[in-house]
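# Architecture at a glance
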Amino acid sequence: MSDTIRAVILGIIEGVTEFLPVSSTGHLLLAERFFGLGEGAFWDSFTVLIQLGAILAIVGLYFKKLWDVAIGFFTGDAYARRFVIGVLVAFLPAVVVGLIAGKYIKSVLFNPWVVCFTLIVGGAILLWVDKLDLKPREHDATKFPLLTYLYIGIAQCIAMIPGVSRSGASIVAAMFLGADKRAAAEFSFFLAIPTMIGAFAYDFYKSRAEMTMDHIGIVAIGFVVSFITAIIVVKSFLEYVTRHGFVVFAWWRVIVGTLGLIALALGH
């Protein structure tokens, strides 16, 4: 398989799974294990670097809202400033945990057995949450209480375990803290911006010396594909989850995790 085709496939996987509660990291790890995609140091960096394409899709889709927040932050708008502080508060726990335990997590937990188990467990949790009669009182992701932002950020740290899903952890936490499904999903998008930009900057800095022009071209392909795919998925996801909930994503996790465990048990 050519590097170009591999970049396109991985870009599609990243764009489709980054903002759905199904774990993009888990799917990329399974794609590497069972289909030979993404093997090697460069491809490990590639899967992190192309996340920026998915993040820019969020920036594009929510440009007006983000622009208004930015303007409000510098002109003294209290709500804008509180939201920016809220995003930073939610972002900080992942920074702390990443610095303390990131290397350990990557060396010990980044394996397909862990991914498959966490996909199944996470699917079961989504099914359970979807059936709860929660009474949402927060309907705007930019106006959550500051403690809500902090608790969502703490919950997001669980997603450092591959297969958990960053968006899934933050959405479930937000719903338990009183957010409706749409607001919970939207905040998971906003929280992804600093989280993924930080991961991109860190990985790019580490791998900059090994990057050749060919590598940059391959990353650019994956970047564009993930950007386009993420735009399509996010627009569809918000409408779908508002009307139908998370059942289909929960069962997708359970099915993929179960098939993965069967394949691993058979020696694949």
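Residues numbered from 1 in each chain as written. Predicted model: local features only at pLDDT ≥ 70, side-chain atom pairs only at ≥ 80, totals over all residues. Heavy atoms only, no water.

The chain appears in an unreviewed UniProt entry as Undecaprenyl-diphosphatase from Bradyrhizobium guangzhouense. A UniProt comment under Function (unreviewed entry) is attached to the chain, and it reads "Catalyzes the dephosphorylation of undecaprenyl diphosphate (UPP). Confers resistance to bacitracin." (UniProt positions renumbered as here; feature names shortened; annotations may be inferred.)

### Section: a nonpolar patch on the surface
There is a patch of nonpolar side chains on the surface, built from V247, W251, I255, L259, I262 and L266 and spanning about 600 Å² of accessible area. Mapped onto the secondary structure, I262 falls in helix α12 (residues 247–265). (Patch = residues over 30% accessible without salt bridge, like charges linked within 9 Å, V, L, I, M, F, W, Y side chains within 5 Å. Areas by Shrake-Rupley, 256 points an atom, 1.4 Å probe, with all protein chains shown as cover. Salt bridge = Lys/Arg side-chain N within 4 Å of Asp/Glu carboxyl O. Helix = DSSP H or I, 4+ residues; strand = E, 2+ residues; numbered from the N terminus.)

### Re the packing of aromatic side chains
Evaluation of the coordinates by the stated rule reveals 14 aromatic pairs. Plain terms: the ring middles of F19 and F189 are 5.5 Å apart, the flat faces sit at 80° to each other, and that makes the pair edge-to-face. In this pair, F19 is assigned in the loop between α1 (3–17) and α2 (24–35) and F189 in helix α10 (residues 181–207), connecting sequence segments 170 residues apart. Residue classification places F19 among the buried residues on the basis of a relative accessible area of 0%. Looking at F189, the relative accessible area reads 0%, which means it is buried. Summarising the aromatic geometry, the rings of Y62 and F189 are spaced 6.3 Å apart at their centres and angled 50° between planes, so their arrangement reads as tilted. Highlighted residues: Y62 in the loop between α4 (51–61) and α5 (63–75) and F189 in helix α10, separated in sequence by 127 residues. With relative accessibility at 10%, the residue Y62 sits in the buried group. Among the aromatic side chains, those forming a connected cluster through ring pairs are F19, Y62, F83, F144, Y149, F187, F189, F190, F237, Y240 and F249. (Phe/Tyr/Trp six-rings, centres within 6.5 Å; stacked < 30°, edge-to-face > 60°. Buried < 20%, exposed > 50% of the residue type's maximum accessible area, 1.4 Å probe, protein only.)

### Brief notes about the packing of helix α7 (residues 112–131) against α12
As a packed pair, α7 and α12 sit with axes 8 Å apart at the nearest point and diverge in direction by 155°. With respect to each other, α7 and α12 are oriented roughly antiparallel. Classified by chirality, the crossing of α12 by α7 is left-handed. Looking at the contact of α7 with α12 residue by residue, the classes come out as 17 nonpolar, 6 polar and 2 charged. (Axes fitted to C-alpha atoms, helices over the stretch in contact; angles between N-to-C directions. Parallel < 35°, antiparallel > 145°, perpendicular 65-115°, else oblique. Left-handed = near helix turned anticlockwise from the far one by under 90°. Nonpolar A, V, L, I, M, F, W, Y, C, P; charged D, E, K, R; others polar.)

### Looking at the pattern of salt bridges
Considering all chains together, one arrives at 6 salt bridges under this definition. A salt bridge links D133 to K135; its shortest N-O distance comes to 3.0 Å. For the pair D133 and K135, one class covers both residues: exposed. Salt bridges sharing partners connect three or more residues here, namely R182, E186 and E239.

### Side note on the side chain of T118
Along the polypeptide, T118 turns up in helix α7. T118 sits in the buried class, given a relative accessible area of 16%. Once residues within four sequence positions are removed from consideration, T118 is found in contact with I161, P162, G163, V164 and R253. (Contact = heavy atoms within 4.5 Å.)

### As for α7
With 20 residues, α7 extends 29 Å from end C-alpha to end C-alpha; this agrees with the ideal 28 Å at 1.5 Å per step. By the burial criterion, the buried members of α7 are P112, V114, V115, C116, T118, L119, G122, G123, L126, L127, V129 and D130. On the buried face of α7, the contacting elements are α2, α6 (78–109), α9 (166–176), α10, α11 (213–244) and α12. For α7, the N-terminal capping position is held by N111, with its side-chain oxygen 3.0 Å away from the main-chain nitrogen of W113. (Expected span 1.5 Å × (residues − 1). Polar contact = N/O pair within 3.5 Å; in protein donor to acceptor, adjacent residues only side chain to side chain.)

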